[in-house]
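Inside the fold
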Amino acid sequence: MERLHSLSITSRFLSLHRLILISLFIAAATANKSTITADQDALLALKAHITHDPTNFLAKNWNTSTPVCNWTGVTCDVHSHRVTVLNISRLNLTGTIPSQLGNLSSLQSLNLSFNRLSGSIPSAIFTTYTLKYVNFRENRLSGAFPSFIFNKSSSKHLDFSYNTLSGEIPANICSSLPFLEYFSLSQNMFHGGIPSALSKCTYLQILGLSFNDFSGAIPKEIGNLTKLQELYLGRNRLQGEIPRELSNLAELELMWLSENELQGGIPQDLGNLAKLKMLQLSQNNLTGTIPSQLGNLSSLQSLNLSFNRLSGSIPSPTFTMYTLKFVGLRGNQLSGAFPFFIFNKSSLQDLDLSDNALSGEIPANICSSLPFLEYFSLSQNMFHGGIPSALSKCTYLQILGLSFNDFSGAIPKEIGNLTKLQELYLGRNRLQGEIPPELGNLAELELMWLSENELQGGIPQDLGNLAKLKMLQLSLNNLTGTIPSQLGNLSSLQSLNLSFNRLSGSIPSATFITHTLKYVDLRGNQLSGAFPSFIFNKSSLQDLDLSYNALSGEIPANICSNLPFLEYISLSQNMFHGGIPSALSKCTYLQILGLSFNDFSGAIPKEIGNVTKLKELYLVRNRLQGEIPRELSNLAELELMSLFDNELQGEIPLEISNLSNLEQLELGSNKLVGGFVSKNRSADVDNNRA
């Protein structure tokens, strides 16, 4: 009996244990279902806040007929089935962020980047203590800084860059973020100082505060972030000197302090940063010399010190790094001879020494040790001597800038071997001789600037082979002969400037076949013949200057019919005659009209008063008769009107005095009567009969 009684008690105990386990299981399942439902509701709230989903991503993938853990962009824990990752980046979603996302209490990673979400960031999102990764990059979020985020001791990655957030960074930033590794507020509207308390984020590897309105000094305490790898403080209003303490950042690979108001010298201690690959200090007010210690940066690939006030010579140790690919020293006050030592840098791809006071000659063996050089500019210096033919050995060269120096001699025909060349700047030197026909071999060339030299001879027909050429600048030379019709083959040409040479003959119609042509300047030559009526098929044309030639004939009556975008036209100083066409009124974008020093006769067309964007009107020294049209008073943008030395009669329209932008009015040497007094403008009405 005792044994039976004992078995009965045991059986009851086991039954009770099973009941307890079942109850616990049911309770856990119910709780789990409840929390999963809460996760689903939070995501459906986000879906409801999206006002535009261009790919119907959410409509297709998020619905209650499918378990939430199967929704695209959602990842769940394999055991709890709770949402741990939400990634709906790069979907161009428009809408706002709902506070219900804060109910995703197991969320570890939230990525809403590269969308068009607007409004403020709800504080409820950061009540989740598991949240480690947050990325709201490139949206349209606004409002003050989300200070509540700094209660998240778990956060490792915070990216709010490329939004319109504003305000100041809290002074106690990092107090509760001991594990933060990535922090970016770049491309926002933050202002105020950079808190020194950032030094408490001792695990920080990436710090991005660029493209804001931060001011004040760079905190020296940033030098305590010994794990920092990338530092972005560019494009702010930071003042003061670069802290020497930044040299303590032994892991630093990138330092970008460009486009601020930093002063003083470049700290020598920066030479201690053995892992530094990129040093960007351009567009500040830095002074002094370039420290030779920068030569110790054995990992450096990119050095940009451009647009400062650095002086002295370029120290040779600066270029001892065999890793160096990009060097920008443009826009300083550097002097001395050409840095020959740079030619041991076989890795170098970009070298810009322009806009300094460097002098001497370019070495004859240039390029011998620079096989990968793609960009080379010495423009705006004081270099002299010849241009070495050995430049042809820089076979990867894409940009060559030698303008604004004192180079002389011929243009080496070997430059025609640089088949990858895209831009060639040789203007404003003393180059002589003819333009080498070999330049017609530069099949990739988009820009050729040879202006302001002493070049002679004709324009090579071979230049017509440059199918990709967009800009051809040959002005202010001594070029002779006719304009080659082959220039009409330049199917990509946008700008043609042959002004101030001694070119003669008529303007070939083929020159204006190119439908891309926007700017044509042929002034100051000896061109003759009738008006190039074929030019008016160029609907793209914006600027046309044919002044200071010997062109003749009448302006076609249909001028402007096919030139809807013309802004500038000058035919001054030629031999044109006949009337001024009233159809000029169809050039509705016209801002400058120059017809002076010709033999135009007849009345000034009243229709010119319809060209409401006109700013400057030059009709000087013609044989124009009749009265000044009152309609000219409609030209509200007009700043200058010169009708000097014609045969105009009648009264000066009083309405002209209402032109509030008119600064200069020249009416002298006519037969006008009357007049008016106007403040703040020059009005020349001498030699009229008042």
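All figures in this text were calculated on a predicted structure; none of them were measured in a lab. (Residues numbered from 1 in each chain as written. Predicted model: local features only at pLDDT ≥ 70, side-chain atom pairs only at ≥ 80, totals over all residues. Heavy atoms only, no water.)

Description of the sheet that holds strand β36 (residues 502-505)
- Pairing within the open sheet is parallel, and its 8 strands lie in the order β32-β34-β36-β38-β40-β42-β44-β46. Looking at which strands have only one partner, the edges of the open sheet turn out to be β32 (456-457) and β46 (623-625).
- Relative to strand β42 (residues 575-578), strand β40 (residues 550-553) is paired through 2 bridges, and the arrangement is parallel. Each bridged residue has a counterpart across the sheet, and for G553 the counterpart in β42 is F576. (Pairing = 2+ DSSP bridges. Helix = DSSP H or I, 4+ residues; strand = E, 2+ residues; numbered from the N terminus.)

A few points about the state of the cysteines
- Enumeration according to the criterion identifies 4 disulfides in this entry.
- Each disulfide pairs two cysteine sulfurs, and for C69 the partner residue is C76, the sulfurs being separated by 2.2 Å. One disulfide, between C69 and C76, carries an S-S torsion of -100° and so falls in the left-handed class.
- Under the relative-accessibility criterion, C76 is labelled buried at 16%. (Disulfide = S-S within 2.5 Å. Buried < 20%, exposed > 50% of the residue type's maximum accessible area, 1.4 Å probe, protein only.)

Structural notes on the environment of Q380
- With respect to the helices and strands, the residue Q380 is situated in the loop between β25 (375-377) and β26 (382-385).
- Taking relative accessible area as the criterion, Q380 reaches 37% and is therefore assigned partly exposed.
- Spatially, the C-alpha atoms of Q380 and F404 are 4.6 Å apart, while their sequence positions differ by 24 residues.
- In this structure, Q380 is in contact with S354, D355, N356, S403, F404 and N405, ignoring residues within four places of it in sequence. (Contact = heavy atoms within 4.5 Å.)

Brief notes about the sheet that holds strand β8 (residues 140-144)
- A sheet is described by the order of its strands in space; here 8 strands give the open sequence β1-β4-β6-β8-β10-β12-β14-β16, paired in mixed fashion. The sheet is open, and its two borders are formed by β1 (50-52) and β16 (237-239), each paired with just one other strand. The mean angle between the axes of side-by-side strands here comes to 20°, regardless of whether they run parallel or antiparallel.
- Strand direction decides the pairing type here: β1 and strand β4 (residues 94-96), joined by 2 bridges, are antiparallel. (Axes fitted to C-alpha atoms, helices over the stretch in contact; angles between N-to-C directions.)

Looking at the side chain of D352
- Structurally, D352 is set in strand β23 (residues 350-352).
- Buried within the structure, D352 lacks any salt-bridge partner; its nearest side chain of opposite charge belongs to R330, at an N-O separation of 4.0 Å.
- If sequence neighbours within four positions are ignored, D352 has contacts with V327, G328, L329, R330, Y375 and S377. (Lys, Arg positive; Asp, Glu negative; His and termini not counted. Salt bridge = Lys/Arg side-chain N within 4 Å of Asp/Glu carboxyl O.)

Considering the pairing of β36
- Judged from the 2 bridges that link them, strand β34 (residues 478-481) and β36 form a sheet pairing that is parallel. Paired with G481 across the strands is L503, a residue of β36.
- Sheet topology note: the β36/strand β38 (residues 526-530) ladder contains 2 bridges and is parallel. Each bridged residue has a counterpart across the sheet, and for S504 the counterpart in β38 is Q526.

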